[in-house]
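Understanding the architecture of this molecule
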Amino acid sequence: MQNSAKEKMIVEPASMVKVCAEAEVVVVGGGPGGIGAAVAAARSGAKTILVERYGHLGGMATGGLVILIPHMSDGSRHQQIGGICQEWLDRLNTLGGAVGPKPEDLGSSDKALVAHWRRYFSAVVDGTVRLSVYVDPELLKCALNDLVTEAGVKLYLHSWGCRAIVENGCAKGVIFESKSGRQAILGQVLIDATGDGDLFASAGVEFDGTLDRSLRSSQLALVFRLGNVDFDKFADFKVREPEKSSALLQELSQLAGFRMSPHPTPRNDVMWVNDWLIGYDVLNVEDLTQVELTARTAMLRVLPFLQKNVPGFENGFVLDTASQIGTRGSRRLMGEYIITGQDLRTGPTHPDTIAIFPSITHNTSPEHPHVHVPYRAILPRKIEGFLAAGRSFSSDPVANNTFNLIPHCVALGQAAGTAAALAVKNHVQPRQVNIVALQDCLRAQGVPLP
Ligand SMILES: Cc1cc2nc3c(=O)[nH]c(=O)nc-3n(C[C@H](O)[C@H](O)[C@H](O)COP(=O)(O)OP(=O)(O)OC[C@H]3O[C@@H](n4cnc5c(N)ncnc54)[C@H](O)[C@@H]3O)c2cc1C
């Protein structure tokens, strides 16, 4: 045991770790980024394993109860994000688990359509209809299980990736903990889709963990759903009495102690309540614990207020709270290219574009309605055999805050998985993947590219 003035440390004894499986591509983290990566890698012919710490897939989109899949189109008739994320929606539509504009409605400025979809936050931007969809998290969990297993991915659920195995500057797999103990999975390409960059941090890969406290990506959440509500009644009230409704929602946030706002779901009798807790560190377990306590206490405080004052909530009850704390931003890879807030305004194009993101906010400029994402933004410097997928993509706080959305993370994952499979097939490192071949494969999978 070592003591210092500040910290008491112990030495953990070295131990032998059993290799329980070997694959060509190992993806850690089963959220939007990880699902995109694992499905794309397996479909591209690589033997693929996906490791997820919880008992279900979907990350924030299911366990975090973040059930809005927004901004897949730019307000024109064209969709910029498709591919595997579109498959999520197709599967959910079949199950009755999604509500959003139809493909033929995209880009419409028809008054009735716009008035209808304006009730659904983010489905109307600048007067035209966009592809933004609300989903049922429980049906999504089922749809994602099917998507992943049908692609031939081997799943390890209830398995927490602890550290990347790195030899001579090259990733060789992952060590994970589960009820079976501490075990290892070996692979030729390791994809960190933990959202928090847990593996690249353990591998000594360069990252930036600084957060801009003024941005939503620094704010944590514990989302909850209310049942036995009437969304139509609430939405009508907002249209009929906008000032009163916004004053009430402000009061709701004051009572909570942090910003809180209700949103629709595919069911009229269920709404989800999003929240934004400021000042906590997403990588500090004591802060995470405090957010769980603070947010649940606030939820009980605001429920009677909603029932008493806000039309549509009279008979509402707490249906559930997110099993997974809401973390919007965390470690960001410092990769071969760093997407910046400046890029959103100037719109550079790249020879290695792997995804196109439609402009969303004031951060992007009208002259550059799309942001091109280069392959280099998921490729770390120095280390081989390694890619990042999802919200930890190489970016500054402004670019990350703008684009760490669910469809965008699926798209980044799809590119990472496809690149990993190509690297394996051609016996090269991800860094040496032929970019034109990668882009051709992505196009063939329905990914819109320039
Ligand atoms: C409250 C809130 C509201 C949001 N609102 C929206 C919105 O309306 N629309 C939108 O598109 N986006 C929204 N976002 C952002 C979006 O949800 C995330 O950026 C997106 O889910 C990121 O996907 P990801 O796969 O990178 O990470 P995550 O969704 O975080 O998934 C990471 C996965 O990895 C697993 N994991 C983590 N660490 C490990 C480990 N060490 N070992 C094994 N598994 C691990 C996790 O359990 C999880 O399944 C919101 C986020 C929050 C928190």
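Residues numbered from 1 in each chain as written. Predicted model: local features only at pLDDT ≥ 70, side-chain atom pairs only at ≥ 80, totals over all residues. Heavy atoms only, no water.

With respect to the overall build of the protein chain
As a reminder of what qualifies: Counting from the N terminus, the helices are DSSP H or I runs at least four residues long and the strands are E runs at least two residues long. All radius of gyration figures rest on C-alpha atoms, and the globule criterion is 2.2 Å times the number of residues raised to 0.38. Note on contacts: a residue pair qualifies if any of its non-hydrogen atoms lie within 4.5 Å across the two residues. Accessible surface is estimated by sampling points in the Shrake-Rupley manner with a 1.4 Å probe; for residues, cover comes only from the protein chains shown. A positive count includes Lys and Arg, and a negative count includes Asp and Glu. His and the chain ends are not counted in either. Here the site of a charge means atom NZ of a Lys, CZ of an Arg, CG of an Asp or CD of a Glu.
If you tally the helices and strands in the protein chain, you get 12 helices and 26 strands. Since a compact globule built from 450 residues should have a radius of gyration of about 22 Å, the 22 Å found for the protein chain is in line with a globular shape. In terms of its C-alpha atoms, the protein chain occupies a principal-axis envelope of roughly 65 × 55 × 40 Å. In the protein chain, the share of contacts with a sequence separation of at least 24, taken over all contacts with a separation of at least 6, comes to 72%. Carbon and sulfur atoms provide 52% of the accessible area of the protein chain, an area that totals close to 19000 Å². The averaged location of the 45 negative side-chain charges in the protein chain is 2 Å from the averaged location of its 42 positive side-chain charges.

Looking at empty space enclosed by the protein
Regions of empty space are outlined by a rolling probe, equal in size to a water molecule, passed over the atoms. Going by this rule: A cavity here means a set of 1 Å grid points, computed over protein atoms only, where a 1.4 Å probe fits but cannot escape. A pocket is an open set with protein on both sides within 12 Å along at least 5 of 7 lines, and lining residues have an atom within 4 Å of a point. Grid points are joined across faces, edges and corners, and a volume is the space filled by probe spheres set on the points. Gly is put with the polar residues, along with every residue not named as nonpolar or charged; the nonpolar set is Ala, Val, Leu, Ile, Met, Phe, Trp, Tyr, Cys and Pro, and the charged set is Asp, Glu, Lys and Arg.
This structure, assessed with the given rule, holds 3 cavities of 30 Å³ or more. There is about 60 Å³ of room inside the largest cavity. For the lining of the largest cavity, the residue count by class is 6 nonpolar, 4 polar and no charged.

Looking at the site of the ligand
The condition is simple: For this description, a residue counts as near a given molecule or strand if any of its non-hydrogen atoms is within 4 Å of it. Within 3.5 Å is the distance limit for a polar contact, defined as a pair of N or O atoms, with the added protein rule that one can donate a hydrogen and the other accept it, and that residues adjacent in sequence qualify only through two side-chain atoms.
In the vicinity of the ligand there are 37 residues, among which Glu 52, Gly 161, Arg 391, Asn 404 and Ile 406 approach most closely. A distance of 2.8 Å separates a nitrogen atom of the ligand from a polar atom in the backbone of Gly 161. A distance of 2.3 Å separates an oxygen atom of the ligand from a polar backbone atom of Asn 404. A total of 990 Å² of accessible area belongs to the ligand in isolation, and the protein chains cover 98% of it. Of all the secondary-structure elements, those providing two or more residues to the shell around the ligand are helix H1 (32–43), strand S12 (160–167), strand S22 (326–327) and helix H11 (406–425). Tallied by class, the residues present in the shell around the ligand amount to 16 nonpolar, 15 polar and 6 charged.

Comments concerning the sheet that holds strand S20 (residues 270–276)
What counts is decided by this rule: Whether two strands pair depends on DSSP finding at least two bridges between them. Note on definitions: angles span 0 to 180 degrees between N-to-C directions of axes, and those axes are lines fitted to C-alpha atoms, for helices only across the stretch in contact.
Strand order in the open sheet formed by 4 strands is S19-S20-S18-S21, with antiparallel pairing between adjacent strands. Strands at the two margins of the open sheet, each flanked by one partner only, are strand S19 (259–264) and strand S21 (317–321). Between one strand axis and the next, the sheet turns by 30° as a mean value, whatever way the strands run. Alignment of strand S18 (residues 224–227) against S21, held across 4 bridges, turns out to be antiparallel.

Points about the pairing of strand S13 (residues 170–178)
Basically, it comes down to this: In this scheme, a residue with accessible area under 20% of its type's maximum is buried, one over 50% is exposed, and one in between is partly exposed, where area comes from a 1.4 Å probe on protein chains only.
In terms of burial, S13 is a largely internal element, 7 of the 9 residues being buried. In this sheet, S13 lies alongside S12 in antiparallel orientation, the contact comprising 7 bridges. Looking at the pairing, Glu 167 lines up with Cys 170 of S13. Here S12 folds back onto S13, and the loop between the two strands holds 2 residues, one of which, Asn 168, carries a positive phi near 50°. The pairing of S13 with strand S14 (residues 181–186) spans 6 bridges and is classified as antiparallel. Of the residues in S14, the one forming a bridge with Phe 176 is Gln 183. What sits between the antiparallel neighbours S13 and S14 is a turn of 2 residues.

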